[in-house]
Amino acid sequence: MTLTGPFKQLLTMDHLPEKGPLSDDQLEIIPDGGIVHHEGKIIAIGNFNELKDLHSLALVDWLEGDYVGLPGMIDVHTHICWAGSRANDYALRLSGKSYLEIATMGGGIWDTVQKTREATVEELADAVEQRAYRLLKLGVTTLEVKSGYGLSVEQELKILEAIALAGSRSMADLVPTCLAAHILPKDFNGNERQYLELIIEKLLPEVMIRKLASRVDIFVEKSAFSIHAAKRYLSQAKNMGFEIVLHGDQFSTGTATLANELQVHSIDHLEAANDQEIQILAKGNVIPVVLPGASIGLGESFAPARKLLDSGTSLVIASDWNPGSAPMGNLLTEAAILGASEKLTMAEVWAALTCRAARALNSGDRGSLKQGNIADIIAFKTNDYKEILYQQGQLRAGMVWKKGEIVK
Ligand SMILES: [Zn+2]
């Protein structure tokens with residue numbers, strides 16, 4: 001048993017509503033706090049000195065100086081299983097070419113698909129492990145990882161195996177998602193319906209049997225899949241027992257109705273979502289996930305995060321870390337910039353990175369610091385939590401514990 005502390009402030013992120021706006025005075029802050037944990041789980045949380053008396057046999061993991069503690073961040077949307085680089089695409093974009101133009105010119109997702117197909121399982125697992133470690137050091141203790149750069153039955157299985165291998169070696173928890181429906185592969189001899197049927201018949205049963213992923217995602221967009229095709233595909237995947245999510249409303253609208261109708265777990269992107277789309281989402285229970293890293297990478301507007309919260313929905317912020325549109329891969333910086341632009345309170349930003357993010361991955365055992373949850377804790381060297389977002393990512397997590405174990 002270990003007692004970690006004292007923390008000048010401990011933000012539990014507990015007892016917060018799942019939806020709607022949050023004010024900073026709703027945050028539960030324990031001054032001079034401590035956390036008792038054993039075998040990776042939180043046993044008790046409270047005043048450090050009181051816990052020290054109550055658990056006199058616990059080893060004390062002393063923190064020298066002022067630290068603010070929070071639950072580990074959860075990145076619910078990444079594409080970190082890739083090979084190659086898209087720096088060239090980025091340069092083209094800076095010179096004025098659009099995302100769609102670059103894709104038409106042979107860059108974009110298809111370029112990454114070709115390089116990823118050439119990589120071995122081992123090479124991809126190494127890349128995922130390194131990227132997951134980089135995120136972990138920044139305080140991301142759980143992250144979702146999508147496939148989607150294979151785009152054939154065999155290649156998607158290879159990628160999901162690489163993610164599983166990286167997950168078995170990583171200290172961070174990796175949650176895999178099958179995104180075989182990323183784009184219609186250029187070398188597929190058939191239309192979108194035929195491609196999605198192939199995925200349903202040949203890939204998803206194998207993914208299910210080998211327990212490679214329990215989530216299925218699709219990119220609904222003009223350059224990817226139509227709403228009509230997505231509806232059929234997601235319904236079938238749901239009937240097979242997969243949890244379903246979608247990439248929607250990035251450049252064009254119309255996916256909110258689909259999301260509600262199919263009761264997808266989350267709708268991710270929403271940069272193009274207008275008031276009508278927001279009102280539709282407000283009527284359902286789909287979790288909106290916004291991806292400021294993609295807006296920064298593409299030089300486009302942020303998703304209407306403020307309006308979404310004001311309409312009464314939940315809000316989760318994820319990095320979308322990928323080689324094309326979101327190359328930064330720094331969740332805290334991206335969230336801080338979004339918060340400044342969209343006027344999100346600090347409570348709303350932190351909830352979007354912790355407790356509300358946990359719900360987006362159905363991970364009820366993390367995202368808040370409370371008894372029974374896993375001891376995923378991050379600490380920033382400051383005496384006031386407001387300093388963290390104020391410094392827009394430059395104040396980094398000085399300490400990270402994954403399941404009670406120190407990462408750095
Ligand atoms: Zn994405």
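Residues numbered from 1 in each chain as written. Predicted model: local features only at pLDDT ≥ 70, side-chain atom pairs only at ≥ 80, totals over all residues. Heavy atoms only, no water.

## Section: the overall build of the protein
Consideration 1: Counting secondary structure elements, the protein contains 16 helices and 16 strands.
Consideration 2: Taking 408 residues into account, the globule formula puts the C-alpha radius of gyration at 22 Å, and the protein, at 21 Å, falls close to it.
Consideration 3: In terms of overall dimensions, the protein has C-alpha extents of about 70 × 45 × 45 Å along its principal axes.
Consideration 4: When burial is assessed residue by residue, the protein has 60% of its 408 residues classed as buried.
Consideration 5: Restricting to contacts in the protein with at least 6 residues of sequence separation, those with at least 24 account for 72%.
Consideration 6: Accessible area of the protein: about 15,800 Å², with a carbon and sulfur share of 50%.
Consideration 7: Of the side-chain charges in the protein, 39 are positive and 51 negative, and the distance between the mean point of each set is 2 Å. (Helix = DSSP H or I, 4+ residues; strand = E, 2+ residues; numbered from the N terminus. Rg over C-alpha atoms; globule rule 2.2 N^0.38 Å. Buried < 20%, exposed > 50% of the residue type's maximum accessible area, 1.4 Å probe, protein only. Contact = heavy atoms within 4.5 Å. Areas by Shrake-Rupley, 256 points an atom, 1.4 Å probe, with all protein chains shown as cover. Lys, Arg positive; Asp, Glu negative; His and termini not counted. Charge placed at Lys NZ, Arg CZ, Asp CG, Glu CD.)

## Re the pattern of salt bridges
Consideration 1: Evaluated as defined, the whole model comprises 24 salt bridges.
Consideration 2: Between D89 and R86 there is a salt bridge, and its shortest N-O distance comes to 2.7 Å.
Consideration 3: Between D173 and K402 there is a salt bridge whose closest N-O contact spans 2.7 Å. Of the two residues, D173 is situated in strand 8 (residues 173-181) and K402 in strand 15 (residues 397-402); the sequence distance between them amounts to 229 residues.
Consideration 4: Linked through salt bridges whose partners overlap, the residues forming this network are D173, D365, R366, D376, K402 and K403. (Salt bridge = Lys/Arg side-chain N within 4 Å of Asp/Glu carboxyl O.)

## What to know about the coordination of the zinc ion
The expected angle between donors at a tetrahedral four-coordinate metal is 109.5 degrees. At an octahedral six-coordinate metal it is 90 or 180 degrees.
Consideration 1: Listed as protein donors to the zinc ion are H77 (NE2), H79 (NE2), H247 (NE2) and D320 (OD); their distances from the metal cover 2.1 to 2.5 Å.
Consideration 2: Coordination geometry of the zinc ion: the 4 donor atoms subtend angles of 83 to 169° at the metal centre, consistent with an arrangement described as irregular.
Consideration 3: Expressed as a motif, the donor residue spacing for the zinc ion is H-x1-H-x167-H-x72-D. Pair noted here: H79 is in the loop between strand 6 (73-75) and helix 2 (87-94) and H247 is in strand 10 (residues 243-248), with a separation of 168 residues, a long-range link.
Consideration 4: Its relative accessible area of 3% is what places H79 among the buried residues.
Consideration 5: Classification of H247 as buried rests on a relative accessible area of 3%. (Donors = N, O, S within 2.8 Å, 3.2 Å for Na, K, Ca; no water. Tetrahedral: all angles 85-135°; square planar, octahedral: opposite > 155°, others 65-115°.)

## Brief notes about the packing of helix 4 (residues 109-118) against helix 6 (residues 153-169)
Consideration 1: For the pair helix 4 and helix 6, the least separation of the axes is 10 Å and the interaxial angle reads 75°. Taken together, helix 4 and helix 6 sit at an angle that is classed as roughly perpendicular. When helix 4 is examined against helix 6, the residues T116, R117 and E118 are found in contact with a partner set consisting of Q155, K158 and I159.
Consideration 2: Looking at the contact of helix 4 with helix 6 residue by residue, the class counts come to 1 nonpolar, 2 polar and 3 charged. (Axes fitted to C-alpha atoms, helices over the stretch in contact; angles between N-to-C directions. Parallel < 35°, antiparallel > 145°, perpendicular 65-115°, else oblique. Nonpolar A, V, L, I, M, F, W, Y, C, P; charged D, E, K, R; others polar.)

## A closer look at the packing of helix 8 (residues 227-239) against helix 9 (residues 255-262)
Consideration 1: Closest axis-to-axis distance for the helix 8/helix 9 pair is 11 Å, and the angle between their directions is 20°. Of the possible angle classes, the one that applies to helix 8 and helix 9 is roughly parallel. Viewed along their axes, helix 8 and helix 9 form a crossing whose handedness is right-handed. Contacts between helix 8 and helix 9 pair I227, A230, K231, L234, S235 and K238 from the former with T255, L258, E261 and L262 from the latter.
Consideration 2: Looking at side-chain class alone, the contact of helix 8 with helix 9 contains 5 nonpolar, 2 polar and 3 charged residues. (Left-handed = near helix turned anticlockwise from the far one by under 90°.)

## Some details on helix 10 (residues 275-282)
In an α-helix, one turn spans 3.6 residues; hence positions three or four apart end up facing the same way.
Consideration 1: Inspection of helix 10 places E277, I278, I280 and L281 among the buried residues, and these make up the whole buried set. Down the axis of helix 10, the buried set is contained in an arc of 160°. They therefore lie on one face.
Consideration 2: At its buried positions, helix 10 is contacted by helix 9, strand 11 (266-269) and helix 12 (305-311). (Arc of directions from axis to C-beta.)

## A few points about the nonpolar core
Consideration 1: Residues I218, Y233, I317 and W350 are the most contacted members of the largest nonpolar core, which totals 109 residues.
Consideration 2: Aside from chain neighbours lying at most four places away, what touches W350 is M13, L70, M73, L332, F380, I388 and L389. (Core = buried A, V, L, I, M, F, W, Y, C linked by side-chain atoms within 4.5 Å.)

## As for unusual backbone geometry
Consideration 1: G5 connects to P6 through a cis peptide bond whose omega is -5°.
Consideration 2: Relative to the helices and strands, P6 resides in strand 1 (residues 2-11).
Consideration 3: You will see that Q263, though not glycine, has its phi angle at about 50°, which is positive.
Consideration 4: Assignment of secondary structure puts Q263 in the loop between helix 9 and strand 11.

## A short note on a positive patch on the surface
Consideration 1: Together, R134, K137, R396 and K408 make up a region of like positive charge exposed at the surface.
Consideration 2: Mapped onto the elements, K408 comes out in the segment after strand 16 (405-406). (Patch = residues over 30% accessible without salt bridge, like charges linked within 9 Å, V, L, I, M, F, W, Y side chains within 5 Å.)

## A closer look at the packing of aromatic side chains
Consideration 1: By the definition in use, this model includes 6 aromatic pairs.
Consideration 2: Consider the rings of F188 and Y195, whose centres lie 5.3 Å apart with planes at 70°: the pair is edge-to-face.
Consideration 3: What makes Y195 buried here is its relative accessible area of 1%.
Consideration 4: Linked through ring pairs, F188, Y195 and F225 together constitute an aromatic cluster.
Consideration 5: A cation over a ring is seen here: R131 above W82, with NZ or CZ 3.4 Å from the ring centre. (Phe/Tyr/Trp six-rings, centres within 6.5 Å; stacked < 30°, edge-to-face > 60°. Lys NZ or Arg CZ within 6 Å of the ring centre and 35° of its normal.)

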